[in-house]
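# Observations on chain architecture
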Amino acid sequence: MSEIKKKNVLITGGASGIGKLMCRMCLEQGAAKVIIWDLNLKAMEETAAEFAKLGKVYYYKVNVSDAKDIANAYEKTKEEAGYVDILINNAGIVKGNETFDKQKVSDIQLTMDVNATAPMLVALEILPDMMMRNSGHICNIASAAGMLGVPRLSVYCASKWAVAGWTESLRIELKQARSKVKATCIAPYFINTGMFDGVDSKVFNILEPEPTAARILKAIRKDKDFKGLPFPYHFIRFWQGVLPNFLFDFIFGKIFGVYSVMDHFTGRKVKNQAAAKAA
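First things first, this report covers the structure right here in the doc. (Residues numbered from 1 in each chain as written. Predicted model: local features only at pLDDT ≥ 70, side-chain atom pairs only at ≥ 80, totals over all residues. Heavy atoms only, no water.)

### Some details on the overall build of the chain
The following threshold applies: What counts as a helix is a DSSP run of H or I of at least four residues, what counts as a strand is a run of E of at least two, and both are numbered from the N terminus. In this setup the radius of gyration rests on C-alpha atoms only. A globule is expected at 2.2 Å times the number of residues raised to 0.38. Only protein chains enter the area calculation, which uses a 1.4 Å probe; residues under 20% of their type maximum are buried, those over 50% are exposed, and those in between are partly exposed. The contact rule is simple, with two residues in contact once any of their heavy atoms fall within 4.5 Å. Each accessible area is a Shrake-Rupley estimate made with a 1.4 Å probe; only the visible protein chains count as cover when residues are assessed. In this tally, Asp and Glu contribute negative charge and Lys and Arg positive charge; neither His nor the terminal groups of the chain are included. By convention, the charge on Lys lies at NZ, on Arg at CZ, on Asp at CG and on Glu at CD.
Check the secondary structure of the chain and you find eight helices and seven strands. For a compact globule of 279 residues, the expected C-alpha radius of gyration is about 19 Å, and the chain comes in at 18 Å, within 12% of that figure. Overall, the chain is about 55 × 45 × 35 Å in size when its C-alpha atoms are taken along their principal axes. The buried share of the chain, taken over its 279 residues, is 52%. Here the contacts in the chain between residues at least 6 apart in sequence split such that 71% fall between residues at least 24 apart. If you sum the accessible surface of the chain, you get close to 13,000 Å²; carbon and sulfur atoms cover 54% of it. Taken as two groups, the 37 positive and 28 negative side-chain charges of the chain have centres that lie 5 Å from each other.

### Observations concerning a nonpolar patch on the surface
Heads up, the condition is: Candidate patch residues must exceed 30% relative accessible area and have no salt bridge, after which like charges are joined if within 9 Å and Val, Leu, Ile, Met, Phe, Trp or Tyr side chains if within 5 Å. Whenever Lys or Arg places a side-chain nitrogen within 4 Å of a carboxyl oxygen from Asp or Glu, that contact is recorded as a salt bridge.
Where nonpolar side chains cluster on the molecular surface, the patch consists of F231, F235, F238, W239 and V242 and spans about 510 Å² of accessible area. Structurally, F231 is set in the loop between strand 7 (226–229) and helix 7 (236–242). In this structure F231 comes out as partly exposed when scored by relative accessible area, which is 46%.

### What to know about helix 4 (residues 105–133)
How we decide: One less than the residue count of a helix, multiplied by 1.5 Å, gives the span that helix is expected to have.
The first and last C-alpha atoms of helix 4 sit 41 Å apart over 29 residues, in line with the 42 Å expected at 1.5 Å per residue. Directly beyond the C-terminal end of helix 4, a positive phi value near 55 degrees is found at N134.

### Topic: unusual backbone geometry
In this structure, the amide linkage connecting L229 to the following residue, P230, adopts the cis form with an omega of 0 degrees. By the element assignment, P230 lies in the loop between strand 7 and helix 7. Non-glycine residue N134 carries a positive phi angle of around 55 degrees. With respect to the element layout, N134 can be found in the loop between helix 4 and strand 5 (137–141). Of note in the backbone geometry, D223 takes a positive phi value of approximately 55 degrees without being a glycine. Here D223 lies in the loop between helix 6 (209–221) and strand 7.

### Quick notes on the pairing of strand 4 (residues 86–89)
As a reminder, the rule being used: By the convention used here, strands pair only if DSSP detects at least 2 bridges between them. If you view a crossover with the strands going away from you and the path from the first strand over the helix to the second runs clockwise, you call it right-handed.
A two-sided burial pattern is seen for strand 4, the buried positions comprising I86 and I88 on one face and L87 and N89 on the other. Sheet topology places strand 4 next to strand 5; four bridges connect them, and they run parallel. Among the inter-strand pairings, I86 is bridged to a residue of strand 5, identified as H137. Handedness of the crossover joining strand 4 and strand 5 through helix 4: right-handed.

### Re the nonpolar core
Let me state the cut-off plainly: We call a set of buried Ala, Val, Leu, Ile, Met, Phe, Trp, Tyr and Cys residues a nonpolar core when their side-chain atoms join them within 4.5 Å.
I88, L153, F196, I216 and Y233 are the most contacted members of the largest nonpolar core, which has 57 residues in total. When sequence neighbours within four positions are dropped, the list of residues in contact with I216 reads I18, M22, C139, I141, I186 and L229. In this structure, Y60, A118, A123 and L170 belong to the second largest nonpolar core, which totals 25 residues.

### Thoughts on the sheet that holds strand 2 (residues 33–38)
Two orientations exist for strands paired in a sheet by backbone hydrogen bonds: parallel and antiparallel. The line we're drawing: In this analysis an axis means a line fitted to C-alpha atoms, helices contributing only their contacting stretch, and an angle means the value between N-to-C directions, from 0 to 180 degrees.
Judged by pairing direction, the sheet is parallel, and its seven strands sit side by side in the order 3-2-1-4-5-6-7 without closing on themselves. One side of each edge strand has no neighbouring strand; the edge strands of this open sheet are strand 3 (56–61) and strand 7. Sheet twist, expressed as the average angle between the axes of neighbouring strands with direction ignored, equals 15 degrees. Strands in contact with helix 6 are strand 4, strand 5, strand 6 (182–188) and strand 7; relative to strand 7, the strand with the most contacts, it is inclined by about 165 degrees.

### As for the side chain of H137
Looking at the secondary structure, you find H137 in strand 5. Excluding residues within four positions of it along the chain, H137 makes contact with S2, D85, I86, L87, M130, V181, K182, A183, T184, I220 and D223.

### Some details on the pairing of strand 7
Here four bridges tie strand 6 to strand 7, and the two strands are oriented parallel to one another. Across the sheet, I186 pairs through a bridge with K227, a residue of strand 7. Handedness of the strand 6-helix 6-strand 7 crossover: left-handed.

### A few points about the pattern of salt bridges
The full count for this structure, using the stated rule, is 11 salt bridges. Note that K78 and D129 form a salt bridge whose closest N and O atoms lie 3.3 Å from each other. Pair noted here: K78 is in helix 3 (residues 67–80) and D129 is in helix 4, with a separation of 51 residues, a long-range link. Owing to a relative accessible area of 27%, K78 belongs among the partly exposed residues under this scheme. Classification of D129 by relative accessible area gives buried; the value is 13%.

Right under this line is the structure:
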């Protein structure tokens, strides 16, 4: 069991959306310190002030896709807040709803940098200390889009597939090393944080942030290897393996409407999309 009480919890993208909710909940559950890594300094300051009565909040402006920035931030974190017991890689972005042939190279690079490379770079910096202490937990927020292709979301899907695959490999490596450090992959459906405004979901309800954040933290406490939200998404890989493509496409594309969810996507309106945070 990875208890949150009396532990130092670092959350990337923790100044807004579901990351901010998890910051609050960790403090309510008795975390010793909550550490926020984010690009939005003003939002971090406001979050720290808002949660000051709940416990200790540290925050650092960090570009989580920059290895040098991560290394510098981690040194400051250790000096001021101490070792990280639980890392939640939550920061992420989505860039529009164009089909792949209309993608910009810059958008592809940014999406992969923030969603796929950044969690690995952050973990690469923090994991050695966890392994040295033989204690810790890394939770990576992937996506249900990391298990099946969604039209007009191809690059985001690619980035989240990368997170899911890497987390699974990391979990097995830690097990083989007989380490007590744990790894959890969270694969939620669209969450109502503004990041996916305009998404039209016919069958599956858009997830609400508060209960979703609570379920993520519960999965960490119970050392879950994988948590799909909602639960039926645990079986996507099974149905992909059992059903022929035409039948899988018909069920998920036509009946469930998954292949058209991005048709009217608008997304969160922010000045700096790179600062957008969600699952």
